[in-house]
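Residues per chain are reported as follows:
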Amino acid sequence: MFKPLSLAGFALAFSASASMAATNITWWHGMAGRNGEVINEVAQKFNAAQSACALTPVSKGTYEEALASGIAAFRSGEQPNILQVFDAGAATIINAPGAVIPAEDLITGAGHPFDREAFIEGVRYFYATPDGKFVGMPFNSSAPIMYVNTEALEKAGVEAPKTWEEFEAIAPKLKEAGYLPLVQSQLTWQFTENFFSRNNIQFATNNNGYDSVTDTKINMTDPNLVMMFTKLKAWADEGYFGYFGAGWNDNQKLFEDGKAALWIGSSGSFGGLQKTAQKPFTAAFLPYWQGIEGAGTNSFIGGAALFAMSGKPDEENKCTADFFQFLTSPEIQKFYHQATGYVAITKAAYELAKSEGYYEKTPVAEVGIQQLMLKSGDWSKGYRLGFYPQIREIMEREYGRIFAGETSVEDAMKTIETEANDLLARFAKTAG
Amino acid sequence: MKRVQFSSPYLPYLFLAPQMAIIFVFFYWPSVQAIQSSFYLEDPFGFGSTFVGLSNYSDALGSVQYQSIARFTVVFTALVTFLSLGIGMLLAVKADAVLKGSAAYKTLLIWVYAIAPPVAGLMGMMFFDQHIGPLVKFAALFGWDMKVGLNYNDTAIAMIIVSVWKQIPYNFIFILSGLQSIPASVREAAAIDCRSGTRRFWTMTLPLLAPTAFFLLVINMTYALFDTFGVIDVMVKDKAANNPITLVYKVYMDGFRGNDLGGSSAQSVILMIVVFVLTIFQFRFIERRVHYN
């Protein structure tokens, strides 16, 4: 009974390997819609540019689902060559040293040159080791930026705010002009992680978690963060700020409909917003607090990076390295940047797009890159915290309770800090 | 019942084997794995796991958050079971009494069952959308500023309504067929003895429906505990935040989103125990009162 089966299997394996001239590699990602299509186009370009390797991209749903499937596959030895992992999941994969081959080792090992300085400032550290070696290959990066309804600002006779102090001053005028002055789409990313980075404040001990997982503690009760959320709550009560839940689109919708004057979104929102926004819009940097000393530093990379999974044969790793090399070429970076709205991650790609006059036609596309290229500070390069997706869930829960009036800002921050520190300690045990 | 005779004593086992294989591979094996990993703390990629005894259980049970999710799950399960059974029964009794056009009524009441839970959740989400939801606008007529996704209680109410709505047709089908199996002679005899329709329902119809109702009680409780996952997932839009969630959703969040396998396994074992206890309770205490024929 088993004989014909195994024979068939053998025949299948044999014919498959015989027909494959090129080395096949797979790439699991968490992009959907237009962004998913662009990934297919990137893969097609790579396959057309050379014949030794054949890359197959596979969509695994959302970012979280892509990471979960990657992990499950790794445990059963079926991992893809390349896995896309989002910002909040970075600590999970980087702290599992046997799971990936650092991108930098992979690329130099395949004989390609690798220059860290070629990447723009804001993307250089987040997916790297403490000494700066790239573990993940930054892929789609975005920055939280402020979109501006130009019509609303004209009506109110005000300028787009650079700082939150300026926002406070113009908010009553915007409200008077009949607009909801401010909405945002992700309090965790925009008003917590990037709040620390944009205002240059320490987010967690152990160098924001980069240096070690042992005994890392989060700094959620920072007086400035408490101040930010106290302000947000006060603004919400006065009708200067609208909070419509943790869902991204429920909040974005008010800006699309032209009801909100300012919206904190992602630099990657720009492509979609061009189609959906009913009023002309422009963009500016994410505001910071003038009153905080040293504030105004750059924001760090959001989005996701590509990781080369370990346990693959050398010829496949060579193909992965070739693909990473291909990805960083200015032409591909520029293509990806313009097709999706994610920022260009290398200086060369940025210069190329600039020299072609892309930003004169579409100035909004430049805001994210410029914000990532602002001067950096000690605490502006992001964080590396284990179980961070769960920590974000705790933040989302408590932030929601703040705006529902069920808790005070101080209590919410204390709860987040306690629960997050428990999770960090738990993560240190699993990684240790 | 007549005993079926097999020529060989092994033949029945052979017939049972495929079913047993499926149960073993898809139910027992994963359960054993879950129990095993619930005692370990493990890094997501499986490089090392540390035996931590019962600490995954004590962490979960000791967490304030877990307790509040458990409380919500109890309330949610009770309300969804009670309402979907109650409304299903009311509709079935009334539809059974309709003489003209009964087929049309019955079909209309049944077809909702064909909607998959995520789709039901999606429809519910649109009905209760903060910006465009018709039910939110309807609530506003009564001065109720409903904020689904923002206000805990409002979201809870919306979830219960959608889950109940989704389950009513299922109960309706079973109760209706249960009603139709009550012999006409019994009904007529009851109608002669008692004029009050309500009284006839409580003294005659309901006891005769008891086997069906008991079966539905078990099914509805498991539905509310587990199958509402799709509704909840869609309604919280992937971001639970401060919205109510059930225990099974928490297992998913910690295991699949948070990659905490040990903690998530412990939670699923807790759920397994809950179901086990519930089943025993139902069969020991409630089924005794049910009379089959």
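Residues numbered from 1 in each chain as written. Chains lettered and ligands numbered in written order. Predicted model: local features only at pLDDT ≥ 70, side-chain atom pairs only at ≥ 80, totals over all residues.

Asks: Help me get a handle on the sheet that holds strand β9 (residues 260-266) of chain A, residues and values and all.
Replies: Residue and element names in this part refer to chain A. Taken together, 5 strands build an open sheet; the order of strands is β8-β7-β9-β6-β10 and the sheet is mixed. Bordering the open sheet on either side are β8 (241-242) and β10 (281-284), each of which pairs with just one other strand. Relative to β8, strand β7 (residues 180-184) runs parallel, the two being bridged by 2 bridges. Paired with leucine 182 across the two strands is phenylalanine 241, which belongs to β8. Of the strands in this sheet, β6 (144-149) and β10 are in contact with helix α17 (residues 364-372), which crosses β10 at around 10 degrees. (Pairing = 2+ DSSP bridges. Helix = DSSP H or I, 4+ residues; strand = E, 2+ residues; numbered from the N terminus. Contact = placed C-beta atoms within 7 Å. Axes fitted to C-alpha atoms, helices over the stretch in contact; angles between N-to-C directions.)

Asks: Lay out the pairing of β7(A) in plain terms, naming residues and giving numbers.
Replies: All names here are of chain A. With 5 of 5 residues buried, β7 is to be regarded as a mostly interior element. Pairing geometry for β7 and β9, over 4 bridges, is parallel. By the bridge assignment, leucine 180 is partnered in β9 with alanine 260. (Buried ≥ 20, exposed ≤ 12 C-beta atoms within 10 Å, placed from the backbone.)

Asks: Go over the interface of chain B and chain A with me, naming the residues and quoting the values.
Replies: Chain B puts 26 residues into the contact, and the matching count from chain A is 28 residues. Those elements that provide at least two residues to the side of chain B that touches chain A are β1 (40-42) and α11 (247-257) of chain B. Residue contributions to the side of chain B that touches chain A peak at 4 residues, all from α11(B). Considering only residue class, the side of chain B that touches chain A consists of 10 nonpolar, 9 polar and 7 charged. (Nonpolar A, V, L, I, M, F, W, Y, C, P; charged D, E, K, R; others polar.)

Asks: Could you give me a rundown of α17(A), with the residues and numbers involved?
Replies: Residue pairs spaced three or four apart in an α-helix point in one direction, given the helix's 3.6 residues per turn. Residue and element names in this part refer to chain A. Burial analysis of α17 places 7 of its 9 residues in the buried class, the great majority of the element. Among the residues of α17, those classed as buried are Val364, Ala365, Val367, Gly368, Ile369, Gln371 and Leu372. Turning to α17, the residues buried within the fold contact β6, α12 (270-276), β10, α15 (347-355) and α16 (358-361).

Asks: Lay out the UniProt feature "domain: ABC transmembrane type-1" (unreviewed entry) in chain B in plain terms, naming residues and giving numbers.
Replies: Taken from the UniProt record, the annotation "domain: ABC transmembrane type-1" (unreviewed entry) applies to residues 70-282 of chain B. Helix makes up 78% of residues 70-282 of chain B and strand 0%, and the two end C-alpha atoms of the span are 20 Å apart. (UniProt positions renumbered as here; feature names shortened; annotations may be inferred.)

Asks: Which residues make up the domain arrangement of chain A, and what values go with them?
Replies: Residues and elements named next belong to chain A. Along its sequence, chain A is organised into domain 1 (21-141 + 302-365) and domain 2 (144-298 + 386-431). The straight-line distance from the C-alpha centre of domain 1 to that of domain 2 is 28 Å. Facing the 19 residues of domain 1 at the interface are 20 residues of domain 2. At the level of elements, α4 (90-94) and α17 are the ones that each hand at least two residues to the side of domain 1 that touches domain 2. In terms of residue class, the side of domain 1 that touches domain 2 is made up of 8 nonpolar, 8 polar and 3 charged. (Domains from an automatic or database assignment.)

Asks: Let's hear about the UniProt feature "transmembrane region" (unreviewed entry) in chain B: which residues, and what values?
Replies: All names here are of chain B. Under the UniProt annotation, the feature "transmembrane region" (unreviewed entry) is placed at residues 12-29, 69-93, 105-128, 156-180, 201-226 and 266-286. As a span, residues 69-93 carries 100% helix and 0% strand, and end to end its C-alpha atoms are 35 Å apart. Between the C-alpha atoms that bound residues 201-226 the distance is 32 Å, and the span itself is 100% helix and 0% strand.

Asks: Hey, could you go over the nonpolar core for me, with residue numbers and the actual values?
Replies: Within the largest apolar cluster, 138 residues are counted, with the highest numbers of intra-cluster contacts made by A:Met146, A:Tyr147, A:Ala260 and A:Phe307. Broken down by element, the residue count for this core peaks at 9 residues, all from helix α19 (residues 409-431) of chain A. When residues of this core are assigned to domains, at least three fall in each of domain 1 (21-141 + 302-365) and domain 2 (144-298 + 386-431) of chain A. When neighbours within four sequence positions are excluded, A:Phe307 is seen to be in contact with A:Leu83, A:Val85, A:Ile93, A:Val100 and A:Gly136. Core analysis: the next-biggest nonpolar cluster, separate from the first, contains 40 residues, B:Met125, B:Val164, B:Leu247 and B:Val251 among them. (Core = buried A, V, L, I, M, F, W, Y, C linked by C-beta atoms within 7 Å.)

Asks: Summarise the packing of helix α18 (residues 388-403) of chain A against α19(A); cite the residues concerned and give the values.
Replies: All names here are of chain A. Interhelical geometry of α18 versus α19 gives an angle of 165 degrees and a closest axis separation of 9 Å. Put simply, α18 runs roughly antiparallel to α19. Between α18 and α19 lies a crossing whose hand is right-handed. In this structure, α18 contributes Gln390, Ile391, Ile394, Met395, Glu398, Tyr399, Arg401 and Ile402 to the contact, and α19 contributes Val409, Ala412, Thr415, Ile416, Glu419, Ala420 and Leu423. (Parallel < 35°, antiparallel > 145°, perpendicular 65-115°, else oblique. Left-handed = near helix turned anticlockwise from the far one by under 90°.)

Asks: Talk me through the pairing of strand β1 (residues 23-29) of chain A; I want residue IDs and the actual numbers.
Replies: Burial analysis of β1(A) places 5 of its 7 residues in the buried class, the great majority of the element. Regarding the hand of the β-α-β motif, the stretch spanning β1(A), helix α2 (residues 33-49) of chain A and strand β2 (residues 53-59) of chain A is right-handed. (Right-handed = clockwise from strand over helix to strand, strands pointing away.)

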